[in-house]
Amino acid sequence: QLQLVESGGGLVQPGGSLRLSCEASGFILDYYDIGWFRQAPGKEREGVICISGSGSSTNYADSVKGRFTISRDNAKNTVYLQMNSLKPEDTGVYYCAVGLCSDLEVPSYDYWGQGTQVIVSS
């Protein structure tokens, strides 16, 4: 059974950092583009960042450029989201999903994880 499990969320102060993990099971992650999305309370889910299956290309939302980076360890079947210089507006539930890294639109992604909560607050 194909499954994605996110972890690493939590409460962090503004300016702090977190690293989220997205571990895949039931399929070989190498072949797939993986995206990270987030959903703040009362808002639509939005694309944050993605990485191609080979790891050779990435795509970023303007709001996170220079602060967030994405990487993958195919040997561990895991994709990571490193978030630095966090802001209160980064608060939300973060999801990873399999899709097309040519865009960061929700309809282009399938097989979503259950999400991990990130709260940026002092």
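In the block above lies the structure referred to throughout.
These numbers come from a predicted model, not from an experiment.

## Re the packing of aromatic side chains
Any aromatic ring pair is given by two values, namely how distant the centres are and how the planes are angled relative to each other.
Here comes step 1: Counted according to the given criterion, the structure contains four aromatic pairs.
Here comes step 2: An angle of 80 degrees between the planes, with centres 5.3 Å apart, marks the rings of F27 and Y32 as edge-to-face.
Here comes step 3: These aromatic residues form a ring-pair network of at least three members: F37, Y95, Y109 and W112.
Here comes step 4: The aromatic ring of Y80 is capped on one face by R19, whose charged end is 4.2 Å from the ring centroid.
Here comes step 5: One Lys or Arg, R45, reaches over the ring of Y95 and ends 3.7 Å from the middle of that ring.

## Here's the deal with the nonpolar core
Here comes step 1: Counting 26 residues, the largest nonpolar core has I34, W36, F68, V79, L81, M83 and Y94 as the members making the most contacts within it.
Here comes step 2: When contributions to this core are tallied by element, the ones reaching two or more residues are strand 3 (18-25), strand 4 (33-39), strand 5 (46-51), strand 7 (68-73), strand 8 (78-83), strand 9 (92-99) and strand 11 (116-120).
Here comes step 3: A per-element tally of this core places strand 3 first, with four residues.
Here comes step 4: In this structure, I34 is in contact with C22, L29, I49, C50, I51, I70, R72, V79, C96, A97, V98 and Y109, ignoring residues within four places of it in sequence.
Here comes step 5: C50, A97, L104 and Y109 belong to the second-largest nonpolar core, a separate cluster that totals six residues.

## Some details on the sheet that holds strand 8
Here comes step 1: Read across the open sheet, the four strands follow the order 1-3-8-7; overall the sheet is antiparallel. With partners counted over all chains shown, the strands left at the sheet margins are strand 1 (3-7) and strand 7, one partner each. If you compare each strand with its neighbour and ignore which way they point, the axes differ by 15 degrees on average.
Here comes step 2: Here six bridges tie strand 3 to strand 8, and the two strands are oriented antiparallel to one another. Along strand 8, the bridge assignment pairs L20 with L81.

Calculation rules
Residues numbered from 1 in each chain as written. Predicted model: local features only at pLDDT ≥ 70, side-chain atom pairs only at ≥ 80, totals over all residues. Heavy atoms only, no water. Phe/Tyr/Trp six-rings, centres within 6.5 Å; stacked < 30°, edge-to-face > 60°. Lys NZ or Arg CZ within 6 Å of the ring centre and 35° of its normal. Core = buried A, V, L, I, M, F, W, Y, C linked by side-chain atoms within 4.5 Å. Buried < 20%, exposed > 50% of the residue type's maximum accessible area, 1.4 Å probe, protein only. Helix = DSSP H or I, 4+ residues; strand = E, 2+ residues; numbered from the N terminus. Contact = heavy atoms within 4.5 Å. Pairing = 2+ DSSP bridges. Axes fitted to C-alpha atoms, helices over the stretch in contact; angles between N-to-C directions.

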